[in-house]
Amino acid sequence: KSFNQSNYKLIFDSYDDKEETSPLINQSYTDGIKTFVISNTAKDAQHGFLNHQDTENNVLIHSKYTKTDKSTWFYKVFNSFKRNGNNEFDVLRSGPIVQASLNISCDRMITELTHAENWLQRLGRLDRFGLNDEINTFTTVIPQRSENGKQTNSTAKFLNQLCAWQSTVAWMNFLQEQLEDSSTVTLNDLYKIYQDFYQDKQCKEKVAEDIQAALSKSV
């Protein structure tokens, strides 16, 4: 059980990926709220950062830096967004590296769709220390062509290459079904949904498909 009793509002933001660029890249955040925008790839995080570097007080972190630069930027990111940090930056644009490597926190998060473990790791950086009285907003960005499970866009193809696409679709569908009657949830509510996910027969079959694909690929 989590000590954190904060309330979270979960938003699933669908966009027409045939006609529009992902909100992770084209949406700007200039209202001063500490915001993390987490993409599945360093490339998308870079594009989002470059598109808004003149309007946002933002910083970029991903796994593709040189060793020296990575150390420098990790230090800056940590000191800005740690508990009682210096608030040097308002917006952190990141690849997946931020979800498990830094003890930092934000007040609003936007993430690309991903499988359950990554999704919950990312959520763990939103009001990480349970200090916010107001409801925390966690937005998952979903391409419309991914909603039916088809692998016809870059997000789906990337996750499929990682052998994580079937489990991602299963988690997103299961999560939204469980949340139909909930306006807000706590972390403990979500952990219960996560446990139920791995007890659901159809969901386990989808996870097994990814595991079998990973084993075949490794062979």
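Residues numbered from 1 in each chain as written. Predicted model: local features only at pLDDT ≥ 70, side-chain atom pairs only at ≥ 80, totals over all residues. Heavy atoms only, no water.

Participant: I'd like to hear about the overall build of the chain, residue by residue, with values.
Facilitator: When helices and strands are tallied, the chain shows nine helices and six strands. Projected onto its principal axes, the C-alpha positions of the chain cover 45 × 35 × 35 Å. A buried classification covers 47% of the 219 residues belonging to the chain. Expressed as a percentage of contacts within the chain between residues at least 6 apart in sequence, the contacts between residues at least 24 apart total 71%. Entry remark: accessible area of the chain is about 11400 Å², with carbon and sulfur atoms responsible for 45%. (Helix = DSSP H or I, 4+ residues; strand = E, 2+ residues; numbered from the N terminus. Buried < 20%, exposed > 50% of the residue type's maximum accessible area, 1.4 Å probe, protein only. Contact = heavy atoms within 4.5 Å. Areas by Shrake-Rupley, 256 points an atom, 1.4 Å probe, with all protein chains shown as cover.)

Participant: I'd like a description of helix H6 (residues 154-161), backed by residues and values.
Facilitator: Every buried residue of H6 is listed here: Thr155, Ala156 and Leu159. Taken down its axis, H6 places every buried residue within 95 degrees of arc, on the same side. Projecting away from the buried face of H6 at angles above 90 degrees are the exposed residues Ser154 and Gln161. Where H6 is buried, its residues touch strand S5 (108-112), strand S6 (136-143) and helix H7 (165-178). Capping the start of H6 is the job of one residue whose side-chain oxygen sits 3.1 Å from the backbone nitrogen of Thr155: Asn153. (Arc of directions from axis to C-beta. Polar contact = N/O pair within 3.5 Å; in protein donor to acceptor, adjacent residues only side chain to side chain.)

Participant: So what about the nonpolar core? Which residues, and what values?
Facilitator: Core analysis: the largest hydrophobic core is formed by 41 residues, its most contacted members being Leu92, Trp119, Leu123 and Leu190. The dominant element in this core, judged by the number of residues it contributes, is H7, at seven residues. Residues Tyr15, Leu24, Val91 and Ile110 belong to the second largest nonpolar core, which totals seven residues. (Core = buried A, V, L, I, M, F, W, Y, C linked by side-chain atoms within 4.5 Å.)

Participant: Pulling in residues and values, what's your account of helix H2 (residues 42-52)?
Facilitator: Among all positions in H2, only Ala42, Ala45, Gly48, Phe49 and His52 are buried. Take H2 and look down its axis: the buried residues cluster within an arc of 125 degrees, on one side only. Each element contacted by the buried residues of H2 is listed here: helix H1 (23-26), strand S3 (58-61) and strand S4 (91-94).

Participant: Explain the pairing of strand S2 (residues 35-38) to me, using residue names and the numbers behind them.
Facilitator: Neither face of S2 is open: one carries Thr35 and Val37, the other Phe36 and Ile38, and all of them are buried. Across four bridges, the pairing between S2 and S4 is parallel. The residue of S4 that forms the bridge with Val37 is Arg93. With four bridges joining them, S2 and S5 adopt parallel strand pairing. Its bridge partner lying in S5, Val37 is registered against Ile110. (Pairing = 2+ DSSP bridges.)

Participant: Provide a residue-level description of the packing of H7 against helix H9 (residues 201-218), including the pertinent values.
Facilitator: It is at 7 Å that the axes of H7 and H9 come closest, and there the two elements cross at 160 degrees. With respect to H9, the axis of H7 lies roughly antiparallel. The handedness of the crossing between H7 and H9 comes out as left-handed. On H9, the residues that touch Trp165, Gln166, Ser167, Ala170 and Phe174 of H7 are Cys203, Lys206, Val207, Glu209 and Asp210. Split into classes, the residues belonging to the contact of H7 with H9 amount to five nonpolar, two polar and three charged. (Axes fitted to C-alpha atoms, helices over the stretch in contact; angles between N-to-C directions. Parallel < 35°, antiparallel > 145°, perpendicular 65-115°, else oblique. Left-handed = near helix turned anticlockwise from the far one by under 90°. Nonpolar A, V, L, I, M, F, W, Y, C, P; charged D, E, K, R; others polar.)

Participant: Could you give an account of the sheet that holds S4, with specific residues and numbers?
Facilitator: Spatially, six strands are ordered S1-S6-S5-S2-S4-S3 in an open sheet, and the strand pairing comes out parallel. Here the strands that pair on one side only, and so sit at the sheet edges, are strand S1 (8-15) and S3. Adjacent strand axes in the sheet meet at a mean angle of 15 degrees when their direction is disregarded. Pairing analysis gives five bridges linking S5 to S6, with the strands arranged parallel. Across the sheet, Arg108 pairs through a bridge with Thr137, a residue of S6.

Participant: An account of the pattern of salt bridges is requested, with residue identities and associated values reported.
Facilitator: For the structure on display, the rule yields six salt bridges. The partner of Asp17 in a salt bridge is Arg145, with the nearest N and O atoms 2.6 Å apart. Within this pair, whereas Asp17 is found in the loop between S1 and H1, its partner Arg145 is found in the loop between S6 and H6, the two being separated by 128 residues in sequence. (Salt bridge = Lys/Arg side-chain N within 4 Å of Asp/Glu carboxyl O.)

The quantities given are spatial measurements derived from coordinates; they are silent on function.
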